[in-house]
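Letter by letter, the chains look like this.
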Amino acid sequence: MPLNKSCIGKTYPPITTEVTLDAIQKYARAYNDDNPAFFDPNRPTGIVAPPMFAVVVTWNALMTAVLDPSLQADLLRLVHGEQDMEFTNPIRPADIITASAKIISIETKASGETMTVELNASNQNGQHVNKTLFSAFIRGGRNRDAVRSESSAAVEPPRGEPEFTVTQKIDDDQTYRYAEASGDRNPIHTDASIAKMAGLPGIIVHGLCTMAFTSKVAIDKLCSGDPTRLKRLRVRFSRPVLPGQTITTKIWPNPETPSHQTFTFETYNPNNQAVIKGGIAEISK
């Protein structure tokens, strides 16, 4: 059954989340990040949440849209295609974050459909903290090749030697830890039998977990370890990552803008196949 295009423009009631120190640190550990900014209470500016923690405080808002019965989305055919996140203000322990969702597009493609949900989140002081564009691909059939051709064809790979190359190991239990920390308990990440029913080779790593790994690379290499300098992270998921794999992220500089430095990046699996394409990181100067 196709997605219901009458849902385009539909907005959903805001959902409020109280941020705890435990939730912040649990999320950081879920993607193996030990940055002192997330753990050291003696920092002059105090503890902040990882930028990607915005996933946690917007997750329930996103689910109200994706699980809307009137949308008619088949979750076994839904694959996360792209994520574009803007980090406007840091999230801190004890913040109260209010997030809302809006379906902004539904499009029919040759091999399925795409949908994009816009998420916006603000804190208790009315400060905007995050804007996210979540884009999903709904396969026409349970065939991962359709997803790959759809997502990879439109991206031009970077050229020349990268400025940074960083290798990271995905733990065997990564998906279980990330599921609990993020709230994304989709069983394709924790139950091999259901993953295979969905046409996958087995349990796959959450796309947002892989993205969180790349956020660590950006913060460590481009922000001198300061997570508040990461202002935007955009990725296109082109291939699933499997638990136990090693991923390699390569970063290239782009021309500077007046207020930000922009970099492009791609991330590869052990077979040198891109798992993230079209990556963009914007860093405040």
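Criteria and thresholds
- Residues numbered from 1 in each chain as written.
- Predicted model: local features only at pLDDT ≥ 70, side-chain atom pairs only at ≥ 80, totals over all residues.
- Heavy atoms only, no water.
- Phe/Tyr/Trp six-rings, centres within 6.5 Å; stacked < 30°, edge-to-face > 60°.
- Pairing = 2+ DSSP bridges.
- Helix = DSSP H or I, 4+ residues; strand = E, 2+ residues; numbered from the N terminus.
- Axes fitted to C-alpha atoms, helices over the stretch in contact; angles between N-to-C directions.
- Contact = heavy atoms within 4.5 Å.
- Core = buried A, V, L, I, M, F, W, Y, C linked by side-chain atoms within 4.5 Å.
- Buried < 20%, exposed > 50% of the residue type's maximum accessible area, 1.4 Å probe, protein only.
- pLDDT = per-residue confidence, 0-100.
- Expected span 1.5 Å × (residues − 1).
- 1 Å grid on protein atoms, 1.4 Å probe; cavity = no way out; pocket = protein on both sides within 12 Å on 5 of 7 lines; lining within 4 Å.
- Points joined across faces, edges and corners; volume = space filled by probe spheres on them.
- Nonpolar A, V, L, I, M, F, W, Y, C, P; charged D, E, K, R; others polar.
- Salt bridge = Lys/Arg side-chain N within 4 Å of Asp/Glu carboxyl O.
- Polar contact = N/O pair within 3.5 Å; in protein donor to acceptor, adjacent residues only side chain to side chain.

S.K.: Sorry if this is basic, but what is going on with the packing of aromatic side chains here?
M.R.: In this description, an aromatic ring pair is defined by two values, namely the gap between the centres and the angle between the planes. Tallied over the full model, the rule gives 4 aromatic pairs. Every member of this aromatic cluster is reached through a ring pair, and the members are Y27, Y31, F53, Y178 and F213.

S.K.: Before we go on, may I ask you to explain the sheet that holds strand 9 (residues 260–268) in this structure?
M.R.: Sheet strands pair by backbone hydrogen bonding; their relative direction is either parallel or antiparallel. The 10 strands lie next to each other as 1-3-4-5-2-7-10-9-8-6, forming an open sheet whose pairing is antiparallel. On the outer flanks of this sheet lie strand 1 (15–18) and strand 6 (164–169), each paired with one strand and no other. The average angle at which neighbouring strand axes cross in this sheet is 20 degrees, direction not considered. The sheet contacts of helix 6 (residues 207–222) involve strand 2 (78–87), strand 6, strand 7 (230–237), strand 8 (246–253), strand 9 and strand 10 (274–284), and relative to strand 7 the element is tilted by about 140 degrees.

S.K.: Looking at this structure, how should I read the nonpolar core?
M.R.: Side chains of a nonpolar character, in soluble globular proteins, are inclined to be buried together. Formed by 71 residues in total, the largest nonpolar core has its most connected members in Y27, M52, F53 and L230. In terms of residue count, the dominant contributor to this core is helix 2 (residues 54–66) (10 residues). I188, A195, A198 and L200 belong to the second-largest nonpolar core, a separate cluster that totals 5 residues.

S.K.: What exactly am I supposed to notice about the confidence of the model for the chain here?
M.R.: For residues with low pLDDT, the predicted coordinates do not support detailed interpretation. Looking at the chain, the pLDDT average stands at 92 and 92% of residues meet or exceed 70. In this model, residues 142–155 is a region of pLDDT below 50 whose contacts with residues beyond four sequence positions or in other chains number 28 contacts.

S.K.: Even after reading the chapter, I still don't get helix 2, so can you show me in this structure?
M.R.: Since the α-helix turns once every 3.6 residues, residues separated by three or four places project in the same direction. Its 13 residues place the ends of helix 2 17 Å apart at the C-alpha level, agreeing with the 18 Å of an ideal helix rising 1.5 Å per residue. Of all the 13 residues making up helix 2, 11 are buried; the element is thus mostly covered by neighbouring parts of the structure. Listed in full, the buried residues belonging to helix 2 are A54, V55, V56, V57, T58, W59, A61, L62, M63, A65 and V66.

S.K.: Please explain the layout of surface pockets as it appears in this structure.
M.R.: Empty space among the atoms becomes apparent when a probe as large as a water molecule is rolled across them. What the largest pocket holds in volume is close to 670 Å³. In this structure, the largest pocket is lined by 35 residues; those nearest its centre are L78, H80, N186, I188 and H189. Contributions of two or more residues to the lining of the largest pocket are made by helix 2, strand 2, strand 5 (128–139), helix 3 (144–152) and helix 6. Here the lining of the largest pocket is built from residues that sort into 22 nonpolar, 8 polar and 5 charged.

S.K.: Looking at this structure, I do not really get empty space enclosed by the protein. What am I missing?
M.R.: Summed over the entire model, instances satisfying the criterion amount to 2 cavities of 30 Å³ or more. Its boundaries defined by the atoms lining it, the largest cavity holds a volume of some 130 Å³. As for the largest cavity, its lining consists of 14 residues, of which P51, F87, N89, P90 and I91 are closest to the centre. Considered class by class, the residues forming the lining of the largest cavity number 10 nonpolar, 3 polar and 1 charged. Of the volumes computed, that of the second largest cavity is approximately 50 Å³. Surrounding the second largest cavity, V55, T58, W59, L62, Q83, M85, L119, T132, F134 and L208 form its lining. If you tally residues by element for the lining of the second largest cavity, the top one is helix 2, at 4 residues. The residue inventory of the lining of the second largest cavity, partitioned by class, reads 7 nonpolar, 3 polar and no charged.

S.K.: Before we go on, may I ask you to explain the pattern of salt bridges in this structure?
M.R.: Side-chain pairs of opposite charge can arise whenever the charged atoms involved come near each other. As enumerated under the stated definition, the model contains 11 salt bridges in all. R177 is paired through a salt bridge with D173; the nearest N and O atoms lie 3.0 Å apart. By relative accessible area, which is 37% here, D173 ends up partly exposed. One salt bridge connects R232 with E282, and the closest N-O pair in it is separated by 3.2 Å. Separated by 50 residues along the polypeptide, R232 in strand 7 and E282 in strand 10 bring together distant segments of the chain. The network of salt bridges with shared partners includes D33, K216 and D220.

S.K.: What exactly am I supposed to notice about the environment of S70 here?
M.R.: Mapped onto the secondary structure, S70 falls in the loop between helix 2 and strand 2. For the pair S70 and C7, spaced 63 residues apart in sequence, the C-alpha to C-alpha distance is 7.5 Å. With residues near it in sequence (within four places) discarded, S70 still touches N4, C7 and K10. A polar contact of 3.3 Å, which involves the side chain of S70, links it to the side chain of K10.

S.K.: Would you mind showing me how to read helix 6 here?
M.R.: Taking 1.5 Å of rise per residue, 16 residues should cover 22 Å, and helix 6 covers 22 Å from first to last C-alpha, within 8% of that figure. One or two residues past the end of helix 6 sits S224, with phi positive at roughly 55 degrees.

S.K.: Explain unusual backbone geometry to me, please; I cannot follow it from the model alone.
M.R.: Most of the time, phi is negative for any residue but glycine, and the peptide bond is trans. One non-glycine residue, Q72, lies in positive phi territory at about 70 degrees. Note that Q72 resides in the loop between helix 2 and strand 2.

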